[in-house]
Number of protein chains: 2
Amino acid sequence: MYFSRIVIFGVGLIGGSIGLAVKKRRIAGTVIGVSDDPESLNAALERHAIDFAAANLDEGLNTKHPAAVRQSETGSPVLSLQPEAELIVVAVPVSLVPDVVWQAASAVKTGGNYRNVLITDVGSTKETICSRFESATLPNGCRFIGSHPIAGKETSGVQNADADLFENRLAVVTPTSSARDRDIGSLIRFWRSLGSVAASMSPAEHDRILARTSHLPHLLSALLADRLQMQDVRYTGPGYHSTTRLASGLPEMWRDIVSHNTESILEAIRDYEHALRNLREKIESGDWEAVEQFLEHAKRNRDGLTGSSRS
Amino acid sequence: MYFSRIVIFGVGLIGGSIGLAVKKRRIAGTVIGVSDDPESLNAALERHAIDFAAANLDEGLNTKHPAAVRQSETGSPVLSLQPEAELIVVAVPVSLVPDVVWQAASAVKTGGNYRNVLITDVGSTKETICSRFESATLPNGCRFIGSHPIAGKETSGVQNADADLFENRLAVVTPTSSARDRDIGSLIRFWRSLGSVAASMSPAEHDRILARTSHLPHLLSALLADRLQMQDVRYTGPGYHSTTRLASGLPEMWRDIVSHNTESILEAIRDYEHALRNLREKIESGDWEAVEQFLEHAKRNRDGLTGSSRS
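Described in the following lines is the structure provided in the data block. (Residues numbered from 1 in each chain as written. Chains lettered and ligands numbered in written order. Predicted model: local features only at pLDDT ≥ 70, side-chain atom pairs only at ≥ 80, totals over all residues. Heavy atoms only, no water.)

We now examine the interface of chain B and chain A. Listed by partner, the interface residues are 81 residues for chain B and 81 residues for chain A. Summed over both partners, the interface of chain B with chain A comes to about 8,200 Å²; 64% of that surface belongs to carbon and sulfur atoms. Broken down residue by residue, the surface that chain B buries against chain A is led by Y235, R255 and R302 of chain B, which jointly contribute 9%. Between chain B and chain A we count 12 salt bridges in total. Across the pair D271 of chain A and R227 of chain B runs a salt bridge whose closest N-O atoms are separated by 2.7 Å. Taken together, chain B and chain A are joined by 35 residue pairs in polar contact (both at pLDDT 80 or more). Where the side of chain B that touches chain A is concerned, the elements lending two or more residues are β10 (170-174), β11 (197-200), α7 (203-226), α8 (238-243), α9 (251-260), α10 (262-284) and α11 (288-306) of chain B. In the side of chain B that touches chain A, the residues fall into 40 nonpolar, 19 polar and 22 charged. (Contact = heavy atoms within 4.5 Å. Buried area = accessible area lost by both parts, 1.4 Å probe. Salt bridge = Lys/Arg side-chain N within 4 Å of Asp/Glu carboxyl O. Polar contact = N/O pair within 3.5 Å; in protein donor to acceptor, adjacent residues only side chain to side chain. Helix = DSSP H or I, 4+ residues; strand = E, 2+ residues; numbered from the N terminus. Nonpolar A, V, L, I, M, F, W, Y, C, P; charged D, E, K, R; others polar.)

Summed over the entire model, instances satisfying the criterion amount to 30 salt bridges over all chains. The partner of R212 of chain A in a salt bridge is D232 of chain B, and the shortest N-O contact between them spans 2.5 Å. You can see R212 of chain A sitting in helix α7 (residues 203-226) and its partner D232 of chain B sitting in the loop between α7 and α8, one on each of two chains. A relative accessible area of 27% means that R212 of chain A is categorised as partly exposed. Judged by its relative accessible area of 1%, D232 of chain B falls in the buried class. R280 of chain A serves as the salt-bridge partner of E273 of chain B, at 2.3 Å between the closest nitrogen and oxygen. Taken as a pair, E273 of chain B in helix α10 and R280 of chain A in helix α10 (residues 262-284) lie in two separate chains rather than in one. Take E273 of chain B and R280 of chain A: they sit in the same class, and that class is buried. One salt-bridge network, in which partners are shared between bridges, spans R270 and E273 of chain A together with R280 and E284 of chain B. (Buried < 20%, exposed > 50% of the residue type's maximum accessible area, 1.4 Å probe, protein only.)

The values are spatial; any link to function lies outside them.
As structure tokens, this is what we get:
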């Protein structure tokens, strides 16, 4: 698997980690980072997460960079000019993805030797994004397929980026019915080449599942942290810290996720509210047998995860 | 701070960690482990968490063990006979604590050279335990003061014990009005000598605070794990794992905690239910500004904890 050039729009934690992983695993000759934030670009260059920095898409896509390191068949690096962008990764908050995808496709100059440009994103919700491109034809022959690498940290920014962030993590690819099989295959191979386990499903199915496994846990964690009373701080232990770890996520990013996956998240919240009421009633009635059975079932479920490589 | 002999009843994660910490820091000449589970005792001996093992309290308290290592003033170890037990730590689930405390006090033989026997526990709830001893006089001049080291892991058993488990963690001592100042001071110095930060408060205040900072988080974490659907397992990431980590705790231990701190836990659950309903209504009405404000407040609270040594 080899891309001549990968353009990453947005060099935060995820974009920066993709750059580091691509370079560590020599998946692309050249990695171009695009961002309107000069500080992030400088930090990404310093961390060697990108080879070249550009302040906007036109510059990032259309500047000819001199050196692309390609691994030759004998194993020694060969320098070559690689002016075309074959993969554009849009690593920005979900509400910005559709516009950036459109701008990226528009900025591709077909007069040069661009061909076969695939665009993907890394957003945590997929339905609202992918539906925008299901029946639309992007300019310049570009195609979009959504991705969601299920990896992250409670920290943000390229300074926390990690070349192994995707290793053994699941990356979900969410093609719509109009996607080409070859593009789906390329994208799956891309995530696998970063160390991920890749899966493919519809955007809607992705959003229903992630509401339960990611978005609800985030909101529950944030709500617990939200209720923290200042005089209780010193009485928090490692359990409290673990349970509220997600609350340190970026508010504007999670606002976007909630507003883009509203129905599935509401369904997950209502289910949890119902279960919490049931548990409270068991405690109110002093049904300790039922409380213990609940705790046992929860422990079995949780212990079952520990065997997985993603614990 | 020095105890000639410390008897630990119950050599699981906490009892075993106390043994390891006491021995690492040379706080006592001899550590005796008492348990009716021979496997735990053997594991505790193998890990050097205890010096001697006893199958029951009478044997543990009244057998004269030959060697107690005492640090002399010149720093070299001195062997001496130390037949008296000065501190008994009852490290069993909260529902068993009162009976074990009573049995321990009864097993103390005053005909020998026992004197000044202080008994404590390590239970996560304090009111129901401590109220049993507030106006009662224990046999043989023994006194009880409750303790709760706010430290732990999602694993259990002496095989997971850790000599540094209490380091920089809070240990709460919960004397009742009848406790002697000298005993309170001894117990606080004991926890400090294990590396803990020690605090003192009433059993009732302890229980109200811990319902919010420990018991509620545990139940929320368990409830999330309880709802896990098997087909969703592979879509859980590090965030889900962190938020549900507590669910691996021992069901019988947590059943006890819930049944011993029922009112404060119910109050914390009702408060959380109310907050969850409010959050759902914000999402239902599409008030993304309010959702973002909530996420920001939660992040500020959570980020404020990271500076503490207990994160």
